[in-house]
Every structure is written in C-alpha cells, then in structure tokens.
Amino acid sequence: MRVLISPDELQFSGDGAFNMALDKVLFEANDDQNLPILRFYCFDNATITIPIRYDGEDLCPGKIASDDVKLSRRISGGKYLLHQLGLTYALFIPKAHPSIVGLSLRESYRRLSFPILSALKNSNSSVNFLSCTTGIKQNKDCTMDTEVESMGINGVKFVGAAQKRGRHSLIQHGEIQLISSQIGLGNYLRNGSAKETVGLDAKINLTNFKTSKKLVCQPKLSTKSNRRSVYYLREKVASDILLEFEKVFGESNYHQLESTLINRAVACRKEFEIVMK
C-alpha cells in the first residue's frame, strides 16, 4: 500500500476546495495503478461538501454565511457532509484488487470501512455501523439493514463516507469527527433541526505520542492549545487506521505527494469552490 505524504509547507493544506480538487486529480492519475493508495487530510474551517448530484438548494445561505462555513463540491455521491474538528481519509483502490473484487457496492463499503471501524473501536468501544432502525428514527431514507457508509456512537452518526468508481479503480473518502460540537449539519439545512453532533471524544493520552511521518495534510501546528490537541489527535487516529489497513493491504510505502499533482489541484481548485448568493 502506498501512503501519500504532503510537503511541510503545502499551500491550501486545510482548504476544502483544494482537497476536493486533489482527490479528483489523484483519482484520475491513479486509475491504472495496481496498489491501494491512502492519504489523510483535514478541513481548517468548517466545510460542507456537496455530492456530485446535489445542487445545494436545501442549504440555508444565511446561516452558512453568518457562521463562515465553506462549501465545496466533491466528485463522489452520497449525502452532504459537514467537516469540522475531524480527520478525512481518501482511499484509491483498483476494482480488481483481491480485497474487493466481485463485491457489490454495499459489500465494498463494508470491506473498506471495517479497518476504520476496528481502529476507532480501539479508542471508543461504543463505535459501530449505524443500523437501519437508527436511520428510520432520524427520518432518513434507509433501505438496507445497515448504513454501511456510516458509523455512530450509541446510534448517533459521526463518520460518513462516499465512493466514486472509474473504469479501473474507485475512491472511497470519508470524514471522522473527532470532537463533539454543538453545531451539526442540520443547522445549515432549510428544514433541518439544530442538533449537537457527536465526535470520537476518545480519552487518548497524547503526551508522549510521536510519529515518524506527518501522516495528515493539515496546516502548520498552532500555538493555541485546542488546535494543538486536535492536530495530534488527527495524527494518532490516522496512525491507528493505517495499522489496520496494513493488515489488509500489507506494509506501507511512503511517497511524497508529487508537485505536478499539487499544481494540477491548485489549477482546478476554483471548480470545487462554491459561493452561495
């Protein structure tokens, strides 16, 4: 498995539109690769990513503007995702890879999400896939026994994911909210309800935590104590997830993100930035 490491001073490192553009660039560039590729990143500002087939008409521009929430288009389907205080992953994998070949869409979600579930359970044993019953209670369109792209704590969602499939490969990217917040996605929907959101909220001792590589593409370490804790928490959870993926895909090989790919993402960043009027 190839793990992408970003340059230390990467422009737009926590920018939603740039990261969505980079996911597209990497998806297109790696459609003929035969190894899984993994990268971790984050959103510096609260950002709602809008799936490919949504027009955003059910979003509330006034609330979004007043809270300075950013909007970005993404290449995958699924539902709206609010990225805040979290860790985002993107996994690029050949459709013919032995771990998912022959699996249905639902089964591939489960197979690729299970290492993440295992890693998160190590930090909070209450983490599990959301059930259809939970979806019905929350007035969601739920047609499967489990929402295989979503995980929750005590039935409340805090992990979401989406896929896009190409000719030879697919991308699955998702958001893991690490810290609970009083503001959730419903605050920014026209008919949504203002509900608190749940995070992993793991009691992890980060005092002596060190990693040999900077796994997460995120802005430079801040001097603010709350930002410092989130910074290290992202690295710790990413490290745990990487260990679980290595059990499936084998040993990791670290690769510096190529400047040509970064430049291509910067060039098409505006395509993914949405400004509501």
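Rules used in this analysis
- Position numbers for residues count from 1 along each chain, tracking the sequence in the order it is written.
- Confidence filtering applies because this is a predicted model: local features only for residues at pLDDT of at least 70, side-chain atom pairs given and counted only at 80 or more, and all residues used for totals across whole chains, interfaces and linings.
- Derived side-chain values reflect all non-hydrogen atoms in the structure, with water molecules and hydrogen atoms excluded from consideration.
- Comment: elements are numbered from the N terminus, with helices defined as DSSP H or I runs of at least four residues and strands as E runs of at least two.
- Residue exposure (1.4 Å probe, protein chains only): buried if accessible area is under 20% of the type maximum, exposed if over 50%, otherwise partly exposed.
- Each accessible area value is a Shrake-Rupley result obtained with a 1.4 Å probe; residue values ignore everything except the protein chains displayed when judging cover.
- Pairing between two strands is assigned when DSSP locates at least 2 bridges connecting them.
- Contacts are residue-level and defined by heavy atoms, with any inter-residue pair within 4.5 Å sufficient.
- Helix axes are fitted only over the stretch in contact, all axes being lines through C-alpha atoms; the angle between N-to-C directions runs from 0 to 180 degrees.
- The span expected for a helix works out to 1.5 Å for each residue beyond the first.
- Whenever a nitrogen or oxygen atom comes within 3.5 Å of another N or O atom, the pair is scored as a polar contact, on the condition that within protein one atom can donate a hydrogen and the other can accept it, and that pairs from neighbouring residues in sequence are kept only if both atoms are in side chains.
- In what follows, salt bridge is the name for a side-chain nitrogen of Lys or Arg lying within 4 Å of a carboxyl oxygen of Asp or Glu.
- We define a nonpolar core as any set of buried Ala, Val, Leu, Ile, Met, Phe, Trp, Tyr and Cys residues linked to one another through side-chain atoms lying within 4.5 Å.
- Whether a crossover is right-handed depends on one test, that the path from the first strand over the helix to the second runs clockwise when the strands point away from the viewer.
- Confidence per residue, as judged by the predictor, is encoded in pLDDT with a range of 0 to 100.
- Put simply, angles under 35 degrees are roughly parallel, angles over 145 are roughly antiparallel, angles from 65 to 115 are roughly perpendicular, and the rest are oblique.
- A clockwise turn of the near helix away from the far one marks a right-handed crossing, whereas an anticlockwise turn of less than a right angle marks a left-handed crossing.
- Polar here means any residue outside two lists: the nonpolar Ala, Val, Leu, Ile, Met, Phe, Trp, Tyr, Cys and Pro, and the charged Asp, Glu, Lys and Arg; Gly therefore counts as polar.

1. Concerning the overall build of the protein
- Within the protein, the secondary structure is distributed over 6 helices and 13 strands.
- Classification of the 277 residues of the protein by burial places 51% in the buried group.
- Of the roughly 13,500 Å² of accessible surface on the protein, a fraction of 48% belongs to carbon and sulfur atoms.

2. Comments concerning the sheet that holds strand S3 (residues 47-50)
- Taken in spatial order, the 4 strands line up as S5-S3-S4-S13 in an open sheet, and their pairing is mixed. Across the chains shown, the open sheet's two edge strands, defined by having one partner strand only, are strand S5 (81-83) and strand S13 (273-274).
- Here S3 runs beside S5; their pairing, made up of 3 bridges, is antiparallel. Paired with Thr47 across the strands is His83, a residue of S5.
- The strands touched by helix H1 (residues 16-29) are S3, strand S4 (70-73) and S13; relative to S4, the strand with the most contacts, the crossing angle is about 15°.

3. Structural notes on H1
- Taking 1.5 Å as the rise per residue, H1 with 14 residues should run 20 Å; its terminal C-alpha atoms sit 20 Å apart, in good agreement.
- Of all 14 residues making up H1, 11 are buried, and the element is well covered by its neighbours.
- Every buried residue of H1 is listed here: Gly16, Ala17, Phe18, Asn19, Met20, Ala21, Leu22, Asp23, Val25, Leu26 and Phe27.
- A side-chain oxygen of the first residue of H1 lies 3.3 Å from the backbone nitrogen of Ala17; this N-cap is Asp15.

4. Some thoughts on the pattern of salt bridges
- The full count for this structure, using the stated rule, is 8 salt bridges.
- For Lys236, the salt bridge identified is with Asp240, shortest N-O distance 2.9 Å. In this pair, Lys236 and Asp240 both sit in helix H5 (residues 225-249), 4 residues apart, roughly one turn of the helix.
- With a relative accessible area of 15%, Asp240 lands in the buried category.
- In this structure, the salt-bridge partner of Arg269 is Glu273, at a minimum N-O distance of 3.1 Å.
- Residue Arg269 is classed as buried on the basis of its relative accessible area, which comes to 10%.

5. Observations regarding the nonpolar core
- Of all hydrophobic cores here, the largest spans 37 residues; its most connected members are Phe40, Leu87, Leu120, Met151, Phe158, Ile176 and Ile241.
- At 7 residues, the largest contribution of residues to this core is made by H5.
- Leave out the neighbours within four places in its chain, and Ile176 touches Gly86, Leu87, Tyr89, Ile116, Leu120, Phe158, Val159 and Ile241.
- With 24 residues, the next largest nonpolar core counts Leu10, Ala17, Leu22 and Ile75 among its residues.

6. Some details on the pairing of S4
- Of the pairings in the sheet, the one linking S3 to S4 comprises 4 bridges and is parallel in character. Within the sheet, the bridge partner assigned to Thr49 lies in S4 and is Ser72.
- What joins S3 to S4 is helix H2 (residues 61-66), and the crossover it makes is right-handed.
- In this sheet, S13 lies alongside S4 in antiparallel orientation, the contact comprising 2 bridges.

7. A short note on the confidence of the model for the protein
- Taken residue by residue, the protein gives an average pLDDT of 86. The fraction at 70 or more is 88%.
- Across the protein, the element-wise mean pLDDT spans from 49 in helix H4 (residues 132-137) up to 96 in strand S2 (residues 37-41).
- A low-confidence stretch, residues 134-146 (pLDDT under 50), is modelled with 21 contacts involving residues beyond four sequence positions or located in other chains.

8. Let's talk about the packing of H1 against helix H6 (residues 259-267)
- Where H1 meets H6, the closest approach of the two axes is 8 Å, and the angle between their N-to-C directions is 125°. Accordingly, the angle class assigned to the pair H1 and H6 is oblique. Between H1 and H6 the crossing geometry is right-handed. Here Phe18, Ala21, Leu22, Val25, Leu26, Glu28 and Ala29 of H1 come into contact with H6, specifically with Leu261, Ile262, Arg264, Ala265 and Val266.
- In terms of residue class, the contact of H1 with H6 is made up of 10 nonpolar, no polar and 2 charged.

9. Brief notes about the environment of Leu170
- With respect to the helices and strands, the residue Leu170 is situated in strand S10 (residues 169-177).
- Distance in space between the C-alpha atoms of Leu170 and Ile93 is 5.6 Å, their sequence separation being 77 residues.
- Ignoring anything within four residues of it in the chain, the contact list for Leu170 reads Phe27, Leu91, Phe92, Ile93, Lys95, Ile100, Leu112, Gln163, Lys164 and Arg165.

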